[in-house]
Amino acid sequence: MPKPQKSVSDRLHLQADVLVLGGGPSAAWAAVAAAESGAKVVLADKGYLGTSGATAPSNTGTWCVPPGDNRHAVVERRWQRTGELADPRWMLRCVDTAYRNLLRLSEWGYPFPSEDDGRLYIANLRGPDYMRFMRRRVLLAGVTVLDHHPALELLSDGDAIVGAAGVVRQIGQDWRVDANAVVLATGGCAFRERILGATGLTGDGYLMAAEAGASLSGMEFTGKYTLAPYGSSLNKGLPFRWASFHREDGSPILGPTGEPLRNGIGDREEEVARALIVGPVYARLDQAEPALQGWLRQGQPNCFVPYDRAGIDPFSELFRITLRAEGTVRGTGGINIVSDDCATGVPGLYVAGDAASREMMTGAVSGGGAVNSSWALASGWWAGKGASTHAQRRTGKAFRSAVQSLGQAGLHPASSASADISAGEVIEAVRSEVTPLDKNFFRTGEGLEKSGERLESVWRDVRDHLQGEGLDRVRTREAASIAAAGRWSVAAALHRTESRGMHRRTDLPGKSPAFAHRLVITGVDAFRIAGAPERLAELAS
Amino acid sequence: MIEIVSATRCVECDICVKVCPANVFDATDNGVPVIARHEDCQTCFLCEIYCPTDALYVAEFAEGPTGITEAQADARQLFGSYARGLGWKRGKAGGSEFDPTHRIRVAQ
Ligand SMILES: Cc1cc2nc3c(=O)[nH]c(=O)nc-3n(C[C@H](O)[C@H](O)[C@H](O)COP(=O)(O)OP(=O)(O)OC[C@H]3O[C@@H](n4cnc5c(N)ncnc54)[C@H](O)[C@@H]3O)c2cc1C
Ligand code: SF4
Ligand code: SF4
């Protein structure tokens, strides 16, 4: 176990082989994998390992493909839906590793439900139970868990990433962990939308990685929204698979064939989005027959919490709905992975889960609903192994005391700190460009140009003047991360002059063969966007 | 958002202070925890299910307070209702083995 040492500044100072940042499933799997390879592991989470992140409050279906002959066919079928940006090789290795880890869960005694024939059904993980179980496994593996320890910045020795620093938010003390490798498992960026699990998902890992020199990819794919009862946090689409949709005057919303819409998820979110731009929309789960109603209630109890508490019977009464923006959480963008062990290209820095780009897995369409949770199971494992291998190679090198802190925006402003700029205002300014349906669900070149200019000016203010002290640094850093993610997202969306998957350009409908590749962004303040056509070569082979 | 910490039910174990992922509560020296950062609540309902005495109530509206009182929530038996839906009891996990979600996926 790493021993805490009090340094001169009286901050918590630990040493480890591998430091994992995050407390969702990908962080948990990374920590277990690294510890199983013999590494001393510290896990630092902004929240509490067990309840934080997008999985813990939800009920996640996995992409569970047992080994066997039709695996290739299953992957091929899914690939067809990814807007040609996914990579079947990554998809195959992901389902393999995810399946092995699902079996591992069952060997460890996770209480899976059974099918009628008595076999365990391992393809679904109930969030609160799963993450509570993973906390125990992480502790059993000997990992030192630091809850409520948000990371603010990475540390570098000039050649490699050698740790991170942050603040213990319930005490107000600073912390620093020196480590031979760091795994970023900090989740996606939900732009402070009030969706399940999203308070802590502010894209901190993207900014930290970009400051260290890593690239991002797929940031234009932030056009995924999910239905929820109006004003609630319940962004779970599943019950709306069996719903009808109505305008204020009671008229039904029609699907593409002119028939009333009876299923509001997947591509049909488009009709609902169009109606929501014009006025309020109401739904009723009237397509679910009684048996299904019971399964929905029992299997997705949190979906019914808003109705029960508001005193509504959603199967027989109309209720108002909304589409919640989900940023990169159900989008696909994130930190670019350069090798099979989830390395970022920056020595010592690895990435897992929603913090990583999931384009290899799911391309231009959302991986929510199955792929993302399998990706967390698999990428966490690979990143944990990759980080511990890297750490072993470095063992023996003494930690240099003269490390460089890499954090800039929101921590160390380029110019003078200013009291005129607040984290809350920055976040609101970004939200007004990247969450409205008529700007971000449906996009136009003109609209994106305008958003881009506004975000550029927000970013300049953040870069030059936003700074916090003490605990406030968590907020200023979150605001800086949200501003950076919004700016990257709009810039990439402007660059992709076509429509593909959840990137819907109404002025440029349809895919362009010239854009059948990923867009990779490098740099923080001055960044460049480049295509990644090598993926095409991989697809062809 | 989180709205009620019931002083009559709370046993001052401070579990909610520890497990809330958004760090909404503050422990107090000799009393029930306080809702210190209401704005940060992400309406995830997880504090409710970890509380050993069903002393917490999170209202369904995620954008601001609804003003529901303890007496109202009590009369409608809303305390602990999400935990009962899941099969969790007294802050302990349970019920995932009865999750029928696979039937929903087949119907889908
Ligand atoms: C409502 C909902 C339902 C979903 N359902 C499904 C589904 O059915 N199937 C599916 O495949 N996927 C689903 N998803 C997606 C799935 O939940 C995510 O892909 C998964 O949680 C990603 O895991 P993760 O560990 O990478 O990130 P998360 O679980 O989001 O965890 C990120 C962690 O990083 C921590 N963190 C953030 N910043 C910092 C920092 N600065 N320092 C330290 N820690 C930090 C956070 O506290 C958090 O613990 C759903 C998502 C939502 C929101
Ligand atoms: S978890 Fe429940 S009993 Fe414990 S301090 Fe919080 S409200 Fe009180
Ligand atoms: S609902 Fe979630 S975020 Fe809100 S107080 Fe409870 S645990 Fe914290």
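This report concerns the structure included in the present document.

Turning to helix 3 (residues 88-107) of chain A, a few remarks are in order. Residues and elements named next belong to chain A. A rise of 1.5 Å per residue sets the reference length of helix 3, with its 20 residues, at 28 Å; its end C-alpha atoms lie 29 Å apart and thus fit the reference within 8%. All of the buried residues along helix 3 are Trp90, Met91, Leu92, Arg93, Cys94, Val95, Thr97, Ala98, Tyr99, Asn101, Leu102 and Leu105. One or two steps after helix 3, the chain reaches Gly109, where phi turns positive at roughly 95°.

Okay, the side chain of B:Gln42 next. Its location among the elements puts B:Gln42 in the loop between strand 3 (34-35) and helix 2 (46-50). Given a relative accessible area of 6%, B:Gln42 falls into the buried group. Here the side chain of B:Gln42 touches A:Ala198 through a polar contact of 3.0 Å, landing on its backbone nitrogen. Contact partners of B:Gln42, with chain neighbours within four places excluded, come to A:Ile195, A:Gly197, A:Ala198, A:Thr199, A:Ser233 and B:Pro21.

Counting across every chain of the model gives 46 salt bridges over all chains. In this structure, the salt-bridge partner of A:Glu498 is A:Arg500, at a minimum N-O distance of 2.7 Å. Just as A:Glu498 is buried, A:Arg500 falls in that class too. Each member of the salt-bridge network shares a partner with another, and the members are A:Glu193, A:Arg194, A:Arg324, A:Glu428, A:Arg431, B:Glu39 and B:Glu63.

Membership of the largest hydrophobic core comes to 186 residues, with the highest contact counts inside it found for A:Leu21, A:Leu105, A:Phe240 and A:Phe245. The element best represented in this core is helix 14 (residues 472-495) of chain A, accounting for ten residues. Not counting residues up to four positions away in its chain, the partners in contact with A:Phe240 are A:Leu227, A:Ala228, A:Pro229, A:Phe245, A:Asn263, A:Gly264, A:Ile265, A:Ala283, A:Leu285, A:Tyr307, A:Phe319 and A:Ile321. The next biggest cluster of nonpolar side chains, apart from the first, holds seven residues, and it includes B:Tyr57, B:Ala59, B:Ile68 and B:Leu78.

Residues and elements named next belong to chain A. Looking at the secondary structure, you find Leu184 in strand 9 (residues 173-184). Residue Leu184 is classed as buried on the basis of its relative accessible area of 0%. Between the C-alpha atoms of Leu184 and Ile335, which are 151 residues apart in sequence, the distance is 9.3 Å. Leave out the neighbours within four places in its chain, and Leu184 touches Leu21, Gly205, Met208, Ala209, Ile335, Leu349, Tyr350, Val351, Ala352 and Ala355.

Let us look at the pairing of strand 14 (residues 319-325) of chain A. Residues and elements named next belong to chain A. Counting buried positions over the seven residues of strand 14 gives six, a clear majority of the element. Sheet topology places strand 13 (residues 281-284) next to strand 14; three bridges connect them, and they run antiparallel. In the sheet register, Val281 faces strand 14, and the bridge partner there is Ile321.

Around ligand 3, the structure places 13 residues, and the nearest of them are B:Cys20, B:Cys41, B:Gln42, B:Cys44 and B:Cys47. In the shell around ligand 3, the residues fall into eleven nonpolar, two polar and no charged.

Another point: the interface of chain B and chain A. With 50 residues of chain B at the contact, the number on the chain A side is 56 residues. Summed over the shared surface of chain B and chain A, the number is six salt bridges. The partner of B:Glu63 in a salt bridge is A:Arg324, and the shortest N-O contact between them spans 2.7 Å. Taken together, the connections running from chain B to chain A amount to 35 residue pairs in polar contact (both at pLDDT 80 or more). Broken down by element, the side of chain B that touches chain A gets its largest block of residues, six residues, from helix 5 (residues 101-107) of chain B. Classifying every residue of the side of chain B that touches chain A gives 25 nonpolar, twelve polar and 13 charged.

With that settled, consider the sheet that holds strand 14 of chain A. Residues and elements named next belong to chain A. The four strands lie next to each other as 11-14-13-12, forming an open sheet whose pairing is antiparallel. Edge positions in the open sheet fall to strand 11 (225-229) and strand 12 (244-247), since each of these has one partner strand only. The sheet shows a mean angle of 45° between the axes of neighbouring strands, taken without regard to direction.

Residue and element names in this part refer to chain A. Residues in contact with ligand 1 amount to 38 residues; listed here are only the nearest, Ser26, Asp45, Ser52, Thr55 and Ser373. One of the backbone nitrogen or oxygen atoms of Ala151 is found 2.9 Å away from a nitrogen atom of ligand 1. For ligand 1, an oxygen atom lies 2.8 Å from a polar atom in the side chain of Asp354. In the complex, the protein chains occlude 98% of the 990 Å² of accessible area that ligand 1 would expose alone. When residues of the shell around ligand 1 are traced back to their parent elements, those giving at least two are helix 1 (25-36), strand 4 (59-61), helix 5 (204-212) and helix 10 (371-394).

Moving on: the packing of aromatic side chains. Taken as a whole, this structure holds 17 aromatic pairs over all chains when the rule is applied. Aromatic pair B:Phe45 and B:Tyr82: ring centres 6.0 Å apart, planes at 65°, arrangement edge-to-face. Of the two residues, B:Phe45 is situated in the loop between strand 3 and helix 2 and B:Tyr82 in helix 4 (residues 81-86); the sequence distance between them amounts to 37 residues. B:Tyr82 matches B:Phe45 in its accessibility class, with the two residues each being buried. Three or more aromatic residues link up through ring pairs in this structure, and these residues are A:Phe240, A:Phe245, A:Phe304, A:Tyr307, A:Phe315 and A:Phe319. Directly above the aromatic system of A:Tyr230 lies the positively charged group of A:Arg320, at a separation of 3.8 Å from the ring centroid.

For the rest of this paragraph, the subject is the packing of helix 13 (residues 445-465) of chain A against helix 14 of chain A. Angle between the axes and distance between the axes are the two parameters that describe a pair of packed helices. All names here are of chain A. Direction vectors running N to C along helix 13 and helix 14 enclose 150°, while the axes themselves pass 9 Å from each other. In terms of orientation, helix 13 lies roughly antiparallel with respect to helix 14. Here helix 13 and helix 14 pass one another in a crossing that is left-handed. Here helix 13 contributes Gly445, Leu448, Glu449, Ser451, Gly452, Leu455, Glu456, Val458, Trp459 and Val462 to the contact with helix 14, which in turn contributes Ala480, Ala483, Ala484, Gly486, Arg487, Val490, Ala493 and Leu494. For the contact of helix 13 with helix 14, the class distribution of residues is eleven nonpolar, four polar and three charged.

Conventions and cut-offs
- Numbers given to residues run from 1 along each chain, matching the order in which its sequence is written.
- Lettering of chains starts at A and numbering of ligands starts at 1, both following the order in which they are written.
- Per-residue local features are limited, in this predicted model, to residues with pLDDT of at least 70; the limit for side-chain atom pairs, both in listing and counting, is 80 or more; totals at the level of whole chains, interfaces and linings are taken over all residues.
- Hydrogens and water molecules were not included; the side-chain quantities draw on all heavy atoms of the structure.
- Secondary structure is summarised from DSSP: a helix means a run of H or I of at least four residues, a strand means a run of E of at least two, and numbering begins at the N terminus for each.
- Here, expected helix span is obtained from the residue count minus one, scaled by 1.5 Å.
- The buried label applies to any residue whose accessible area, calculated with a 1.4 Å probe on protein chains only, is under 20% of its type's maximum; exposed applies above 50%, and partly exposed to all values in between.
- Polar contacts, as counted here, are pairs of nitrogen or oxygen atoms within 3.5 Å of one another; within protein the pair requires one atom able to donate a hydrogen and one able to accept it, and residues that are adjacent in sequence qualify only if both atoms are side-chain atoms.
- Residue contacts follow a heavy-atom distance rule, with two residues in contact if any of their heavy atoms lie within 4.5 Å.
- Any Lys or Arg side-chain nitrogen located within 4 Å of an Asp or Glu carboxyl oxygen qualifies as a salt bridge.
- Among buried residues, the Ala, Val, Leu, Ile, Met, Phe, Trp, Tyr and Cys ones that are joined through side-chain atoms within 4.5 Å form a nonpolar core.
- Only strands joined by at least two bridges in the DSSP assignment are considered to pair.
- For this purpose, a residue is taken to be near a molecule or strand whenever a single non-hydrogen atom of the residue falls within 4 Å of it.
- Polar here means any residue outside two lists: the nonpolar Ala, Val, Leu, Ile, Met, Phe, Trp, Tyr, Cys and Pro, and the charged Asp, Glu, Lys and Arg; Gly therefore counts as polar.
- With axes taken as lines fitted to C-alpha atoms, and helix axes fitted only over the stretch in contact, angles between N-to-C directions fall between 0 and 180 degrees.
- Every accessible area reported is derived by Shrake-Rupley at a probe size of 1.4 Å, with residue values counting cover from the shown protein chains alone.
- Two rings from Phe, Tyr or Trp (for Trp, the six-membered ring) form a pair when their centres sit within 6.5 Å of each other. Planes less than 30 degrees apart are called stacked, planes more than 60 degrees apart edge-to-face, and all others tilted.
- Here, over-ring charges are defined by two tests on the NZ atom of lysine or the CZ atom of arginine: distance to the ring centre within 6 Å, and angle to the ring normal within 35 degrees.
- Note on angle classes: values under 35 degrees are labelled roughly parallel, values over 145 roughly antiparallel, values of 65 to 115 roughly perpendicular, and the remainder oblique.
- By convention, the crossing between two helices is left-handed when the near helix turns anticlockwise from the far helix through less than a right angle, and right-handed when the turn is clockwise.

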